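Tertiary structure, described
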Amino acid sequence: MVASLRLESPLPSAYYSHHFFPVSTSNNRTTSQLDWSRCHYQRRPPTCSLEVQKFPVKSSSVVLYASSGGSTAPADDETMEPPSSPPESSKDRRKVVQVAWEKLVRWSRSWRSKAKTDVLERANKVVVLGGGSFGTAMAAHVAERKAQLEVNILVRDPQVCLSINERHHNCKYFPDYQLPENVIATTDAKAALMGADFCFHAVPVQFSSAFLEEIAAFVDPGLPFISLSKGLELNTLRMMSQIIPKALKNPRQPFIVLSGPSFALELMKKLPTAMVVASKDKKMADAVQQLLASRNMRISTSSDVTGVEIAGALKNVLAIAAGIVDGLNLGNNSMAALVAQGCSEIRWLATKMGAKSTTLTSLSGSGDIMLTCFVNLSRNRTVGVRLGSGESLDDILSSMNQVAEGVSTAGAVITLAQKYKVKMPVLTAVARIIDKELTPTKAVYELMALPQVEEV
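This report concerns the structure included in the present document. (Residues numbered from 1 in each chain as written. Predicted model: local features only at pLDDT ≥ 70, side-chain atom pairs only at ≥ 80, totals over all residues. Heavy atoms only, no water.)

1. Description of the nonpolar core
We count it as follows: Nonpolar cores are built from buried Ala, Val, Leu, Ile, Met, Phe, Trp, Tyr and Cys residues. Side-chain atoms within 4.5 Å join them into one set. Exposed residues in this analysis have more than 50% of their type's maximum accessible area, buried residues have under 20%, and partly exposed residues fall in between, with area computed by a 1.4 Å probe over protein chains only. Counting from the N terminus, the helices are DSSP H or I runs at least four residues long and the strands are E runs at least two residues long. In this analysis, two residues are considered to be in contact whenever any of their non-hydrogen atoms come within 4.5 Å of each other.
Ranked by internal contacts, the top residues of the largest apolar core, which has 49 residues, are L232, L314, L318, L387 and L427. Of the residues forming this core, the biggest block, twelve residues, is contributed by helix α10 (residues 305-327). L232 has contacts with V205, Q206, L237, R238, M239, I310, A313, L314, T409, A412, V413 and L416, leaving out every residue within four places of it along the chain. Counting residues in each nonpolar core, the second largest holds 43 residues, with V183, A264, M284 and M297 among its members.

2. Brief notes about the pairing of strand β7 (residues 150-154)
Let me state the cut-off plainly: Strand pairing is defined by DSSP finding a minimum of two bridges between the two strands. If you view a crossover with the strands going away from you and the path from the first strand over the helix to the second runs clockwise, you call it right-handed.
When you tally the buried positions in β7, you get four out of five residues, the bulk of the element. Taken together, the five bridges between strand β6 (residues 125-129) and β7 define a ladder with parallel strand orientation. The partner of V126 across the bridge, within β7, is V151. In this view, the connection linking β6 to its parallel neighbour β7 by way of helix α3 (residues 133-145) has right-handed handedness. Across four bridges, the pairing between β7 and strand β8 (residues 183-186) is parallel. Considered in β8, the bridge of N152 is made with I184.

3. Considerations on the packing of aromatic side chains
We count it as follows: Pairing of aromatic rings covers Phe, Tyr and Trp, the last through its six-membered ring, and needs centres within 6.5 Å; plane angles under 30 degrees mean stacked, over 60 mean edge-to-face, and all others mean tilted.
This structure, assessed with the given rule, holds one aromatic pair. Aromatic side chains F174 and Y177 sit 6.0 Å apart centroid to centroid with 85° between the ring planes, which places their arrangement in the edge-to-face category. On the basis of relative accessible area, Y177 is assigned to the partly exposed category, the value being 24%.

4. Concerning the pattern of salt bridges
Applicable threshold: Criterion for a salt bridge: a side-chain nitrogen of Lys or Arg within 4 Å of a carboxyl oxygen of Asp or Glu.
Enumeration according to the criterion identifies ten salt bridges in this entry. With a shortest N-O distance of 2.7 Å, R381 and D326 are connected by a salt bridge. Of this pair, R381 sits in helix α13 (residues 379-388) while D326 is found in helix α10, placing the two residues 55 residues apart along the sequence. Given the relative accessible area of 7%, R381 is considered buried. E437 is the partner of R432 in a salt bridge, and the nearest nitrogen-oxygen pair spans 3.2 Å. A relative accessible area of 33% places R432 in the partly exposed class.

5. Some points on the environment of L149
Relative to the assigned elements, L149 resides in the loop between α3 and β7. When its relative accessible area of 1% is taken as the criterion, L149 is described as buried. For L149 and A123, which are 26 residues apart along the polypeptide, the C-alpha to C-alpha distance reads 6.9 Å. Leaving out residues up to four positions away in the same chain, L149 has contacts with A123, N124, K125, V126, V142 and N182.

Here's what the structure looks like:
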C-alpha cells in the first residue's frame, strides 16, 4: 500500500540536492542502526510527494521514501549509510573549552571569597609530636601559613633540637632545607603542649601508646589531635583513632586523621599536594581544613575515619609487594596485576570494617596507594625492592634511618583479615615473606598457582 502527501508549494533551492533524514526505528535499535532513505528532488519541481512504502528488512520497521514522482525505492541489498555530521570547527571547540574554564574560575573565586579563615587567625600555637621527616615537613607548612604562629616540635634527639633552634635545619632529615623562624624545637613535653591550639601526632604507630602515656598529664582534654601516623598496632590491631584516646585516658579527645598522597620531601619543596582530613566531628574537620589549606596544599574533608585510616595502613604493606615485583624484575604486567589485586583486597577488608567504598577510590585510598607503590621515594617500596633483590630484612631495616610501617603492619593485617573472614592473598604473601616463611620468588609462584576465579 502506498500513501502520498502532496506539498503544493515548491521547496527552496537550498534543498535541490540529495539529503538524508532519519525515519523510524524498531524498539531495540539504536540511533546508529536507523533506517535511512534518500530524498530526490528535481531542480524546479512544481510539487513534491511523500510516499510511505514497506520494504523487506531484517527488523520490523517502516521506511519513509520521498520522491518527486519517478524515483524508486533502494534495492534490498543497497547499503544506506547515515551521513556524518559536519565536523565542529576548532574555533567552536576552543570556545566551549574557554567558557567551561571561565565558569570554573568564577566558581573558584566565589568559593575563595566565602572561605573562612578565622581558625588560622585565632590560632596562636601548634605542637608537632615527633621530629621525623613528615612531622618536620608539616611543622614547616603550618608555620608558613602565619608568621605569628608559634610551632613547637617535640623531639627526642638533643642534637636535632639544637640544629632546629640555632640553624633552622633538621640536621637528621632535612639538612639542606631551611625551616621558618617560627618553628621551635624542644625536648620538654610540658613546654611544647602548654597553650597549644592543635596537636599533630607524627610518632610511629608501634611507639605511640608508650609515648602518649608518658605525656598524658600535659595534654588538655579538649586539644584536637591530628594523626599523621599510618599503620596498625601489632599486638592489639588498633588504629590511631583508638590508640590516642586509650593512651590519653580520654575517650572524648578530639581526633582527626590527615592522609593522602604526600611525600615529606615534596612538602618541603612546596610542590602542589592534595590531602584529606577525616573526623566524625564535621566542625573539627572544617577547622583543620582552614588551618592547612594553602596555595600549594588542597585539603578535602571526610567523615569516614575508618576508611581513611585503614587505607593508609594497608597501602604500606601493598607497597612492599610492589617493591618486591620490581626487585625481581617481573615487569609491568605483573606490577599492574599485583597492585590491582592489592587494591581489591584493601577494599574488601575496609568495607567489612565499616569503611565507605568511595573512600578507597579517593585521595586517601587510590591516590596514596599509587604514590607509595610506584615512586622510589617510598620507604615501604624500597624495602620490597631490596627484598626482591635478595637482601635480608634485618640488613635492610638496620640500614634505614626511618621507619617502614608496612613491615610491622603486615602481620596485623592478616590477623584482621581472619577476624573479618576476608581472603587477602597478596598481603598475606607479604606477611609470610616478612616472617621469613616464604622467599619472594616462591611467593610469586604460589600466587600465580591460585585457582582461577571470577573477578569481584
